Amino acid sequence: MREKFVIGLAAAAGLLLAFDLYRILLVLPDEAMQGAIYRIMFFHIPAALTGFTGYFVALILSVLYLSSGNLKYDSLAASVTEVALVFSCVNIVTGSIWARVIWGIWWTWDYRLTSTLISILIYAGYLMLRRAIDEPTQRARLSAALSIFGCVDVVIIWKSIEWFRTQHPGPVLSIRTGGGNIDPAMEHMIYYNLLAILMLATALVLVRTRQEDISREIDSLRRTANAAERNIA
Amino acid sequence: MDPHTLALMYARNFMFMFYGFSAAWLIVAVYVISLARRGARLKKELDDVRRLTDSADSPL
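The structure presented is a predicted model; accordingly, all values stated were derived computationally and were not measured. (Residues numbered from 1 in each chain as written. Chains lettered and ligands numbered in written order. Predicted model: local features only at pLDDT ≥ 70, side-chain atom pairs only at ≥ 80, totals over all residues.)

The subject of this paragraph is the overall build of chain A. Of the regular secondary structure elements, chain A holds 7 helices and 0 strands. Along chain A, helices and strands appear, N-terminal first, in the series α-α-α-α-α-α-α. For the C-alpha atoms alone, the extent of chain A along its principal axes is close to 80 × 40 × 30 Å. Within chain A, the proportion of its 233 residues that are buried is 36%. If you take every contact in chain A between residues at least 6 apart in sequence, the share linking residues at least 24 apart comes to 79%. (Helix = DSSP H or I, 4+ residues; strand = E, 2+ residues; numbered from the N terminus. Buried ≥ 20, exposed ≤ 12 C-beta atoms within 10 Å, placed from the backbone. Contact = placed C-beta atoms within 7 Å.)

In this structure, A:I40, A:A77, A:V80, A:V83, A:F87 and A:V90 are the most contacted members of the largest nonpolar core, which totals 57 residues. Looking at this core, the elements with two or more residues in it are helix 1 (2-27), helix 2 (41-68), helix 3 (71-102), helix 4 (111-132), helix 5 (136-163) and helix 7 (184-232) of chain A together with helix 1 (3-57) of chain B. The biggest single contributor to this core is helix 3 of chain A, with 16 residues. Apart from the residues within four sequence positions on either side, A:V80 is in contact with A:G54, A:V57, A:A58, A:L61 and A:V205. (Core = buried A, V, L, I, M, F, W, Y, C linked by C-beta atoms within 7 Å.)

Facing the 29 residues of chain A at the interface are 26 residues of chain B. For the side of chain A that touches chain B, the secondary-structure elements that each account for two or more residues are helix 2, helix 3 and helix 7 of chain A. Counting residues per element, the side of chain A that touches chain B draws most heavily on helix 7 of chain A, at 13 residues. In terms of residue class, the side of chain A that touches chain B is made up of 19 nonpolar, 5 polar and 5 charged. (Nonpolar A, V, L, I, M, F, W, Y, C, P; charged D, E, K, R; others polar.)

Geometry of a packed helix pair, given as the angle between the helix axes and the separation of the axes. All names here are of chain A. Viewed as axis vectors pointing N to C, helix 3 and helix 7 meet at an angle of 135°, and their least axial separation amounts to 8 Å. As far as their axial angle goes, helix 7 and helix 3 are oblique. As helix 3 runs across helix 7, the sense of the crossing is right-handed. Where helix 3 abuts helix 7, its residues L71, S75, L76, A78, S79, V80, E82, V83 and F87 lie against I197, A201, L204, V205, R208, T209, E212, D213 and R216. (Axes fitted to C-alpha atoms, helices over the stretch in contact; angles between N-to-C directions. Parallel < 35°, antiparallel > 145°, perpendicular 65-115°, else oblique. Left-handed = near helix turned anticlockwise from the far one by under 90°.)

Here we come to the confidence of the model for chain B. Summing up the model confidence of chain B, the mean pLDDT is 88 and the portion of residues at 70 or higher is 92%. Among the scores for the predicted complex, ipTM is 0.91 and pTM is 0.92. (pLDDT = per-residue confidence, 0-100.)

All names here are of chain A. Relative to the assigned elements, R216 resides in helix 7. Spatially, the C-alpha atom of R216 lies 9.0 Å from that of S75, the residues being 141 residues apart in sequence. In contact with R216, not counting residues within four places along its chain, are L71 and S75.

All names here are of chain A. Compared with an ideal rise of 1.5 Å per residue, which puts 22 residues at 32 Å, helix 4 spans 31 Å between its outermost C-alpha atoms and is within 8% of the ideal. If you check which residues of helix 4 are buried, you get R112, L113, T116, S119, I122, Y123 and Y126. Residues of helix 4 that are buried in the fold lie against helix 3 and helix 5. (Expected span 1.5 Å × (residues − 1).)

For helix 3 of chain A, which comprises 32 residues, the first-to-last C-alpha distance of 46 Å matches the rise-based estimate of 46 Å (1.5 Å per residue) to within 8%. With its phi angle positive at about 85°, A:G104 sits one or two positions after the end of helix 3 of chain A.

This is how it looks when you write it as structure tokens:
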């Protein structure tokens, strides 16, 4: 049942992405100042928003783990964080390629870019920490603490383009500006692609969560086997 | 801007757009492949551990 749902969700995401790609490349016109390169925005912004959503969901799951002690929340938080990190990487790489054309540079130590890089390092650290600790409860507690700490940086990323006016442009989406900064057709396309990418990310999280469940089952079987061996000895 | 420079600029923009799209999909594809490989490894590991515990439980 669950596998069928994951396959269905991934297929629906794939179809929507293909339809979006058709509209991005063949229906929407070039942007007056930037030409064709502005189309990177349709992956750059949804990837960033998917990353933010993932980190926020991981924050909630981490708090739930700390308050309940249920390892299921920890597994889910780890899965969501890993997938969010993938989309943060998509965001930073596509942004860098876009910047090379528009700004003439691949990278600058602007507040938005730097805080995004810091978040990637924090969440990569989160995944490395999980690999380094074998004891499940200790691993879950420290991971939850790091996830909560990491979310502070996510807030800084979100607000950085309002607080500091440096290289990265200010907010463009009408949900933040009230409208007027972007053509409505282009903005709608961002939301369509966000929906498709969120669907894909959800399918990946479900697959990853299943793997976390299998890992826990393996751990549990190994512990049982070790305990039985000790009893025999 | 003369038409030749404009054509070059458009070609360059299009090329970088292609790089951007390719990079985005490449990152997702690498992750999906790593996920599939990890899934296969875990499934094999689970089968091995189950076989081990079953053989330990079975009477001689």
